[in-house]
Amino acid sequence: MGNADRSALVERSDGFNYDYAMNCACGEVSVLSAQDYFAEADSAHMSCSHCGAMIHFGIAVAALRDRDDPALDNDAVASFTWYHTSTDPDWPSPDYARRFVEELEQHQHHLIMSRELYISDHTTKALHLGTYETAIENMLRRMDDEDDGGSQFYLYRVALRLDPARINAGYRDENHEEAAQLTISDLDSEELDAVRYLNVHEGTGVLSLAVRPEIIDAVQRVRIPLPELTTPGTPDLVRGDIDALEKAKGEMEAAQAKVESIPATRRRMMYFGVYPDPDGLAKQAGDLEHHYIDLRRQLENRLAEIHLPRVSPVIRRDFNEAMASWKSDNPTSGSDDFIEQYRVMAALLERQPDVINSVANQDWRVLLRP
């Protein structure tokens, strides 16, 4: 088994302002800037730098950013630190299957397949590890997409115990060979302990791993975000934006109160002139809501400029969407509370070395072998 010295593990990191690599039908790869990717330049088309053909860019043609990625070396994989974010404070938990079944008992009426198959599908999946960036981006995605906006997350730094002969050759491409749902039985059938794959959803264009739990040697853990780490800047820098937003919110809520007895669908139809709006109250409420949304987006963009200066526009957008989910899950928080949460969350992206240092200074929890 390849079991690297935990004190000598190697970090792999390239930050949150990376460009993208896109495959062309000619077999070559072209680089696309994060700015053009975000703007979907030329209707999301780019010219191949090799053959000149037009590439409709996006994750469906995302390529490995570094063709010489050191993680392609089977002998080196266990020498790297790997990362994972989870809402589970005891990940990877040997008790997960039991807890999953207990929780399932409370929600059985939602099942659409056999109970046994459902449990098997959710308790025998391979575990996923990646770079620091992929772990943080996965958390942002979960906050926005999986109702985890207000959840407590933990960052795990992972050391592996891995036989280099039991990793797949090369790597799987998520666009052509599904990786997210890999199970332990899939690994068994291929006589592998880890499947290396091209991640096209987080840290797009880097290599991640799907592994069986037994090859995780030890983990370090911190609760995130870290209150002692924040990004520079104070609410005073956006005080005018905050005041304008609070004023707009009050005006919007007052206007909405006047039409709250009208069903939302009919109110929307009145706003667009499909139904009569004799007093103009529905139109006023709608206009004020749009004004509030515009001001909120302006504040988010201003905060991103201040607190995420070294982060690409693509990841800034993902971060702002995650923070909007946090706000939805914390409806009583005021603007100052939101900004303080924004600052401390932004440190996970802007103060990456400090965050890594914090988790690297934690005690290792060594996982017992089954």
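Before any of the text, the structure's been laid out above.
It should be emphasised that the depicted structure is a prediction, and the values quoted were computed from it without experimental measurement.

A.B. asks: Give a detailed account of the overall build of the protein chain, specifying residues and quantitative values.
C.D. replies: Summing up its helical and strand segments, the protein chain has 12 helices and 13 strands in all. Projected onto its principal axes, the C-alpha positions of the protein chain cover 75 × 55 × 45 Å. Of all 370 residues assigned to the protein chain, the portion counted as buried reaches 45%. Taking the contacts inside the protein chain whose residues are at least 6 apart along the sequence as the reference set, 75% of them involve residues at least 24 apart. Surface accessibility of the protein chain: about 18,500 Å² in total, with carbon and sulfur atoms responsible for 49%. A gap of 3 Å separates the mean positions of the 37 positive and 65 negative side-chain charges of the protein chain.

A.B. asks: Residues and numbers for the pattern of salt bridges, please.
C.D. replies: If charged atoms from side chains of opposite charge come close, those side chains can pair. The final tally for this structure, using the stated rule, is 21 salt bridges. Arg 142 is the salt-bridge partner of Asp 148, the closest N and O atoms lying 3.0 Å from each other. Across this residue pair, the class does not change: Asp 148 and Arg 142 are buried. Salt bridges linked by common partners bring Arg 141, Arg 142, Glu 146, Asp 148 and Glu 202 together as one network.

A.B. asks: Can you break down the environment of Gly 170 residue by residue, with the values?
C.D. replies: When you line up the elements, Gly 170 lands in the loop between strand E8 (153–162) and strand E9 (172–173). Exposure remark for Gly 170: the relative accessible area of 35% places this residue in the partly exposed category. Along the sequence, Gly 170 and Ala 71 sit 99 residues apart, while their C-alpha atoms lie 9.7 Å from each other.

A.B. asks: Let's hear about unusual backbone geometry: which residues, and what values?
C.D. replies: Between Trp 91 and Pro 92 the backbone carries a cis peptide bond, its omega angle lying at -15°. Its location among the elements puts Pro 92 in the loop between strand E6 (82–86) and helix H3 (96–105). Put simply, Ile 224 and Pro 225 share a cis peptide bond, and its omega is 0°. Mapped onto the fold, Pro 225 is located in the loop between strand E12 (216–224) and helix H7 (239–258). Positive phi outside glycine occurs at Asp 42, with the angle close to 55°.

A.B. asks: Explain the side chain of Asp 277 residue by residue, including any values.
C.D. replies: Mapping Asp 277 onto the fold places it in the loop between helix H8 (264–271) and helix H9 (281–307). Comment: no salt bridge for buried Asp 277; closest opposite-charge side chain is Lys 283, at 7.9 Å. Not counting residues up to four positions away in its chain, the partners in contact with Asp 277 are Met 270, Ala 282 and Lys 283.

A.B. asks: Please set out the pairing of E8 residue by residue, giving values where relevant.
C.D. replies: Most of E8 sits inside the fold, with 9 of its 10 residues counted as buried. Of the strand pairs in this sheet, E6 and E8 are connected by 5 bridges, and their pairing is antiparallel. Following the sheet pairing, Tyr 83 is matched in E8 by Arg 157. Across 8 bridges, E8 lies against E12 in antiparallel orientation. Residue pairing across strands places Leu 160 opposite Ile 216, the latter belonging to E12.

Definitions and limits used
- Residues numbered from 1 in each chain as written.
- Predicted model: local features only at pLDDT ≥ 70, side-chain atom pairs only at ≥ 80, totals over all residues.
- Heavy atoms only, no water.
- Helix = DSSP H or I, 4+ residues; strand = E, 2+ residues; numbered from the N terminus.
- Buried < 20%, exposed > 50% of the residue type's maximum accessible area, 1.4 Å probe, protein only.
- Contact = heavy atoms within 4.5 Å.
- Areas by Shrake-Rupley, 256 points an atom, 1.4 Å probe, with all protein chains shown as cover.
- Lys, Arg positive; Asp, Glu negative; His and termini not counted.
- Charge placed at Lys NZ, Arg CZ, Asp CG, Glu CD.
- Salt bridge = Lys/Arg side-chain N within 4 Å of Asp/Glu carboxyl O.
- Pairing = 2+ DSSP bridges.

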